[in-house]
Amino acid sequence: LYRRYGLWFRLRKLIIWLLGVYIAIPFLVKLCPAIQAKLVFLNFVRVPYFIDLKRPQDQGLNHTCNYYLQPEEDVTIGVWHTVPAALWKNARGKDQLWFEDALGSSHPVILYLHGNAGTRGGDHRVELYKVLSSLGYHVVTFDYRGWGDSIGSPSERGMTYDALHVFDWIKARSGDNPVYIWGHSLGTGVATNLVRRLCERETPPDALILESPFTNIREEARSHPFSVASTIYFPGFDWFFLDPITTSGIKFANDENVKYISCSLLILHAEDDPVVPFHLGKKLYNIAATSRSFRDYKVQFVPFHTDLGYRHKYIYRSPELPRILREFLGKSEHEHH
């Protein structure tokens, strides 16, 4: 009896402790919106671990150069520039100046904006750089302030400004070569923020590609698997968890931005995406397709069937991707010229 009583006492103590945490966490998030911001950005999650971002060749990118740019005072961002595979032999052993000059070669450029968590050296990101390089594109990517080895505090405004700085840096060196913006996941929010701003100043990119996009951060947060479970079991979920996101100035309003974007748009989304639900990408496409700003431009939605297993970050594996890009960007390049 004494042993049973002791076991029940410890179990009851554990249940009370878990219940206390369950109740305390929402209030903690509500009182400290910065916590919610960290959960959106996940910039403190650096995977893969133990890689030297100064050495992209360690990730099999032997035709890639590492740069550091300074968008603002006290902000430094790490950048990777992968040249087209056709320039691989020429790129070996070359310095940063050679790589910068190479942007003026007759190859289009893709500015890749990655999602939350991890760094520019993430495995699926590196594999996409290789695919795009093999198709003849320069790929320029970077870690936003607060990610990887980039210095600064993360914010939506800061991420967008970093992207604008890198875009302008590319345009200053690429001459008349087409420049495309590619955003993935949270990076689609940065991408539409950037392209809206570029269109407003009348310097739009040649095309915008959104991979696994959402409509806005509130709808994405509400549709996340963790959130879906929480809304069932926790009353006041929006007030506790979603309102602090807005309080932190985080919107990533893709659905609003596409109404002010004037360039060709391609949306790629896997039906089995467990992070950003497929229906959000489809909803964003429907908004863009009926927007007056796209009336003179091509808007295309490409779904990938559940059976393919591409989920949230493996669309680069599609053997159809080269054809999709060739057909879509070929038209965009024609419009450019």
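Whatever comes next refers back to the structure up there.
Residues numbered from 1 in each chain as written. Predicted model: local features only at pLDDT ≥ 70, side-chain atom pairs only at ≥ 80, totals over all residues. Heavy atoms only, no water.

Q: How should I be thinking about the side chain of Asn-66 in this particular structure?
A: Tracing the backbone shows Asn-66 in strand E1 (residues 64–72). On the basis of relative accessible area, Asn-66 is assigned to the buried category, the value being 14%. Here the side chain of Asn-66 touches Tyr-68 through a polar contact of 3.4 Å, side chain to side chain. A distance of 3.3 Å separates the side chain of Asn-66 from the side chain of Trp-80, its partner in a polar contact. Residues in contact with Asn-66, not counting those within four places in the same chain, are Leu-53, Lys-54, Pro-56, Val-79, Trp-80, Gln-96 and Arg-120. (Helix = DSSP H or I, 4+ residues; strand = E, 2+ residues; numbered from the N terminus. Buried < 20%, exposed > 50% of the residue type's maximum accessible area, 1.4 Å probe, protein only. Polar contact = N/O pair within 3.5 Å; in protein donor to acceptor, adjacent residues only side chain to side chain. Contact = heavy atoms within 4.5 Å.)

Q: What exactly am I supposed to notice about the pattern of salt bridges here?
A: When charged atoms on two side chains of opposite charge get close, those side chains can pair. Scanning the entire structure with this criterion turns up 14 salt bridges. A salt bridge links Arg-173 to Glu-100; its shortest N-O distance comes to 2.8 Å. Here Glu-100 lies in helix H4 (residues 96–102) and Arg-173 lies in helix H6 (residues 156–174), a separation of 73 residues in the sequence. One salt bridge in this structure joins Glu-327 and Arg-323, with 3.2 Å as the shortest N-O distance. Residue Glu-327 and its partner Arg-323 are both found in helix H13 (residues 321–336); the two are separated by four residues, about one turn of the helix. Taking relative accessible area as the criterion, Arg-323 reaches 33% and is therefore assigned partly exposed. Each of Glu-72, Arg-145, Arg-157 and Asp-162 takes part in a single network of salt bridges with overlapping partners. (Salt bridge = Lys/Arg side-chain N within 4 Å of Asp/Glu carboxyl O.)

Q: Help me understand the side chain of Arg-125, please; the structure alone is not making it clear to me.
A: Structurally, Arg-125 is set in helix H5 (residues 123–134). In this view, Arg-125 contacts Tyr-112, His-114, Gly-115, Asn-116, Ala-117, Gly-118, Thr-119 and Arg-120; residues no more than four positions away in its chain are not counted.

Q: Would you mind going over a nonpolar patch on the surface with me for this structure?
A: Side chains of Trp-8, Leu-11, Leu-14, Ile-15, Trp-17 and Leu-18 sit close together on the surface and give an oily, nonpolar patch of about 650 Å² of accessible area. Residue classification places Trp-17 among the exposed residues on the basis of a relative accessible area of 55%. (Patch = residues over 30% accessible without salt bridge, like charges linked within 9 Å, V, L, I, M, F, W, Y side chains within 5 Å. Areas by Shrake-Rupley, 256 points an atom, 1.4 Å probe, with all protein chains shown as cover.)

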